[in-house]
Amino acid sequence: GGGPPAIDLVLGATAGCLACFLTNPLEVVKTRLQLQGELQPPGTYPRPYRGVLRAAVAVCRADGLRGLQKGLAAGLLYQGLMNGVRFYCYSHAEDAGWTGYPGGTVAAGAVAGAVGAIVGSPAYLVKTHLQAQTLSAIAVGHQHNHESISSAFRSIYQQHGVVGLWRGVTGAVPRVAVGSAVQLATFASAKDWVCERQWFRKGSWAAVLAGGMVSGVAVAVTMTPFDVISTRLYNQPVDADGTGKLYRGFLDCILQISSKEGLLGLYKGIGAVYLRLGPHTVLSLFFWDKLRNM
């Protein structure tokens, strides 16, 4: 435990935003890689994005260096809302003693992540739309053509109402619940493990970073399929009544990707996922841990 849950809400939001600012370029690349070749068999579609580095170069050529920070405002809003609520709920679970039971850390992390995902879902929806937008020559996925974060929120609300702002949340909840459970559980365990073996001093920044690095690997492996599904559900075009034109929901998205793109389609962009999640996990947990101690 650290400070009161209300303090963790502020510190969690701050830590998430600081990490987001540094890792948003990888989020843009990850989104493009996950949308590339949507519902097409491998080898049958053009690939403007080939690997993380070449994808980043392609983004810069098409949209300039600023293109790597597309959707930053929506990303900061999402991280602030999601991580603030997530760490707030997790702190409550710590204070109640739930994390002391077997599997308590995993359960608390999953529930905290699910609540955070629901609260932050509209911001993630807009972030995905903005990060997918680019020149037609290298466009992947549906292009929503929003002019700004405010016009995106306004357009979605005018067309589909409040419910439309939470479109895709069925993919976000399992994505963040799994990621949060694995992240918080492995971070705490790894940090304690390296300290028990006296590799690093307890409470040192090195122990925090070691815990975050191990956590980042675990999160990337378990979370990537959910991340791909979430990106597809958020970005798909919809009918006038808000029904998705490509996927009917979470399970339908899994089945369609698996049958048309193969099982590896669920791991599209895993390199970008780790390169983004690894540093993001390290930075967000490092900032959170150190801000708590302060």
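Under an unreviewed UniProt entry, the name given to the protein is Solute carrier family 25 member 34, and the organism recorded is Dicrurus megarhynchus. What the UniProt record of the protein gives under Sequence similarities (unreviewed entry) is the line "Belongs to the mitochondrial carrier (TC 2.A.29) family." Among the UniProt annotations of the protein, the heading Subcellular location (unreviewed entry) holds the following wording: "Mitochondrion inner membrane".

What follows concerns a nonpolar patch on the surface. A cluster of nonpolar residues, Val217, Val221, Tyr267, Ile270, Tyr274 and Leu275, forms a patch on the protein surface that exposes about 470 Å² of accessible area. Every element with two or more residues in the nonpolar patch is listed here: helix H7 (205–235) and helix H9 (270–293). For the nonpolar patch, the leading source of residues is H9, giving 3 residues. Topologically, Ile270 is positioned in helix H9.

UniProt tags residues 205–226 and 269–288 as "transmembrane region" (unreviewed entry). When the span residues 205–226 is considered, its composition is 100% helix and 0% strand, and the gap between its end C-alpha atoms is 31 Å.

This next bit is on the side chain of Gln133. Within the fold, Gln133 resides in the loop between helix H4 (104–132) and helix H5 (149–165). Take Gln133: its relative accessible area is 11%, and that puts it in the buried class. Each residue touching Gln133, except ones within four places of it in the same chain, is listed here: Arg32, Asp63, Lys70, Gln143, His144, Asn145 and His146.

This brings us to helix H1 (residues 5–35). Compared with an ideal rise of 1.5 Å per residue, which puts 31 residues at 45 Å, H1 spans 37 Å between its outermost C-alpha atoms and falls more than 12% short. Within H1, the axis deviates most sharply at Thr23, by approximately 60°, and proline Pro25 lies no more than four positions further along. Immediately downstream of H1, the backbone of Gly37 shows phi near 70°, a positive value.

A few words on the packing of H1 against helix H2 (residues 51–63). Between H1 and H2, whose axes approach to 10 Å, the crossing angle comes to 100°. Of the possible angle classes, the one that applies to H1 and H2 is roughly perpendicular. Contacts between H1 and H2 involve Leu26, Val28, Val29, Arg32 and Leu33 from the former and Gly51, Val52, Ala55, Ala56, Val59 and Asp63 from the latter. Tallied by class, residues from the contact of H1 with H2 come to 8 nonpolar, 1 polar and 2 charged.

As a further point, take the pattern of salt bridges. A side chain with one charge can pair with a side chain of the opposite charge if their charged atoms come near. Counted by the stated rule, this structure contains 11 salt bridges. Lys127 serves as the salt-bridge partner of Glu27, at 2.8 Å between the closest nitrogen and oxygen. Of this pair, Glu27 sits in helix H1 while Lys127 sits in helix H4; the two residues are 100 residues apart in sequence, bridging distant segments of the chain. The same class applies to Glu27 as to Lys127, namely buried. One salt-bridge network, in which partners are shared between bridges, spans Glu27, Lys30, Lys127, Arg175, Asp227 and Arg276.

This part covers H5. Between its terminal C-alpha atoms H5 stretches only 13 Å, short of the 24 Å expected from 17 residues at 1.5 Å a residue. Approximately 105° is the largest bend angle found in H5, and it occurs at Gln159. Along H5, the positions that sit buried rather than exposed are Ser151, Ala152, Ile156, His160, Gly164 and Leu165. Taken together, the buried residues of H5 touch H4.

On to the packing of aromatic side chains, then. The tally for this structure, following the rule as stated, stands at 4 aromatic pairs. For the ring pair Tyr78 and Tyr124, a centre distance of 4.8 Å and an interplane angle of 70° mean the geometry is edge-to-face. On the criterion of sequence distance, the pair formed by Tyr78 in helix H3 (residues 72–95) and Tyr124 in helix H4 is long-range, its members being 46 residues apart. Here Tyr78 falls in the buried class, since its relative accessible area comes to 4%. On the basis of relative accessibility, which here comes to 2%, the residue Tyr124 falls in the buried class. Residues Tyr124 and Tyr234 carry aromatic rings whose centres are separated by 5.1 Å and whose planes lie at 40° to one another, so their mutual orientation is tilted. Remark: Tyr234 occurs in helix H7 and Tyr124 occurs in helix H4; sequence separation between them is 110 residues. Grouped by ring-pair contacts, the aromatic residues Tyr78, Tyr124 and Tyr234 constitute a single cluster. One cation-aromatic arrangement involves Arg86 over Phe87; the distance from NZ or CZ to the ring centre is 4.7 Å. Here Lys127 stacks its cationic end above the ring of Tyr124, 4.2 Å away from the centre of that ring.

What counts, and at which threshold
Residues numbered from 1 in each chain as written. Predicted model: local features only at pLDDT ≥ 70, side-chain atom pairs only at ≥ 80, totals over all residues. Heavy atoms only, no water. UniProt positions renumbered as here; feature names shortened; annotations may be inferred. Patch = residues over 30% accessible without salt bridge, like charges linked within 9 Å, V, L, I, M, F, W, Y side chains within 5 Å. Areas by Shrake-Rupley, 256 points an atom, 1.4 Å probe, with all protein chains shown as cover. Salt bridge = Lys/Arg side-chain N within 4 Å of Asp/Glu carboxyl O. Helix = DSSP H or I, 4+ residues; strand = E, 2+ residues; numbered from the N terminus. Buried < 20%, exposed > 50% of the residue type's maximum accessible area, 1.4 Å probe, protein only. Contact = heavy atoms within 4.5 Å. Expected span 1.5 Å × (residues − 1). Bend = angle between axes of the 7 residues up to and from the residue. Axes fitted to C-alpha atoms, helices over the stretch in contact; angles between N-to-C directions. Parallel < 35°, antiparallel > 145°, perpendicular 65-115°, else oblique. Nonpolar A, V, L, I, M, F, W, Y, C, P; charged D, E, K, R; others polar. Phe/Tyr/Trp six-rings, centres within 6.5 Å; stacked < 30°, edge-to-face > 60°. Lys NZ or Arg CZ within 6 Å of the ring centre and 35° of its normal.

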